[in-house]
Amino acid sequence: MENLIKFKKYIMDQHIAFFLVVAVMVITIAWVIIAWYNYRLKKRIIDSGPLNDDALGFLRNLKNTGNDTLKWGCIIFAGGLGLVVINYIPYEFGSSLPYGLEAMFIAAGFLTYYAITNRQQKQ
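The structure reproduced in this document is the subject of the present report. Worth saying up front: this structure is predicted, and the values here are computed from it rather than measured.

What counts and how
- Going along each chain's sequence as written, the residues are numbered from 1 onward.
- Per-residue local features are limited, in this predicted model, to residues with pLDDT of at least 70; the limit for side-chain atom pairs, both in listing and counting, is 80 or more; totals at the level of whole chains, interfaces and linings are taken over all residues.
- Remark: hydrogens and water are excluded; side-chain values derive from all non-hydrogen atoms of the structure.
- The salt bridge definition used is simple: a Lys or Arg side-chain nitrogen within 4 Å of an Asp or Glu carboxyl oxygen.
- The helix count covers DSSP runs of H or I at least four residues long, the strand count covers runs of E at least two residues long, and both are numbered beginning at the N terminus.
- Only protein chains enter the accessibility calculation, which uses a 1.4 Å probe. A residue is then buried if its area is under 20% of the maximum for its type, exposed if over 50%, and partly exposed in between.
- Working rule for helices: expected span equals 1.5 Å times residues minus one.
- What makes two residues a contact is simply this: any of their non-hydrogen atoms within 4.5 Å.
- Ring pairs are drawn from Phe, Tyr and Trp, using the six-membered ring of Trp, whenever the two centres fall within 6.5 Å, and their geometry is named by plane angle: stacked under 30 degrees, edge-to-face over 60, tilted for the rest.

**With respect to the pattern of salt bridges**
Per the stated rule, a full pass over the model turns up one salt bridge. The salt bridge partner of Asp47 is Lys43, with a shortest N-O separation of 3.4 Å. Taken together, the positions of Asp47 and Lys43, both in helix H1 (residues 2-47) and four residues apart, correspond to about one turn of that helix. Since its relative accessible area comes to 41%, Lys43 is described here as partly exposed.

What follows is the structure, given as structure tokens:
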């Protein structure tokens, strides 16, 4: 029975690893596509001729402030930390403990991002 539980855990770990690799690849490709189209849009607006106030406002809104990078860095770091902690906590197969713990770590990543951006806005 113990070997069956270990085998199921091994298979589940393999599926999670595959899912994570696919998710990272899709997110990376989407990020590159969005960055490329933002560049093309900015270039097309600038090449169209003199800019009025609406076009300048639109271009300023497209500017990357770095907060997106900070947000995803906090979330991914907290999620990875949660996976490391889950690795060292014993739990039974079928338990919802790993899912709840991972959700709590990801939420902590969001809260960290929120606290950092609030502190930056106050300064």
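This is not the end of the story, as more comes after the structure.
**Topic: helix H4 (residues 97-122)**
In a regular helix each residue adds 1.5 Å, so 26 residues correspond to 38 Å; H4 covers 37 Å between its end C-alpha atoms and thus fits that length. Three or more residues of H4 are buried, namely Pro98, Leu101, Glu102, Phe105, Gly109, Tyr113 and Thr117. Of the surrounding secondary structure, the elements contacted by the buried residues of H4 are helix H3 (67-88).

**A few points about the packing of aromatic side chains**
Within this structure, the stated rule accounts for one aromatic pair. Between Trp36 and Tyr39 the ring centres are 5.7 Å apart and the planes differ by 35°, which places this aromatic pair in the tilted class. You can see Trp36 and its partner Tyr39 sitting in helix H1, three residues apart, about one turn around the helix. With relative accessibility at 49%, the residue Trp36 sits in the partly exposed group.

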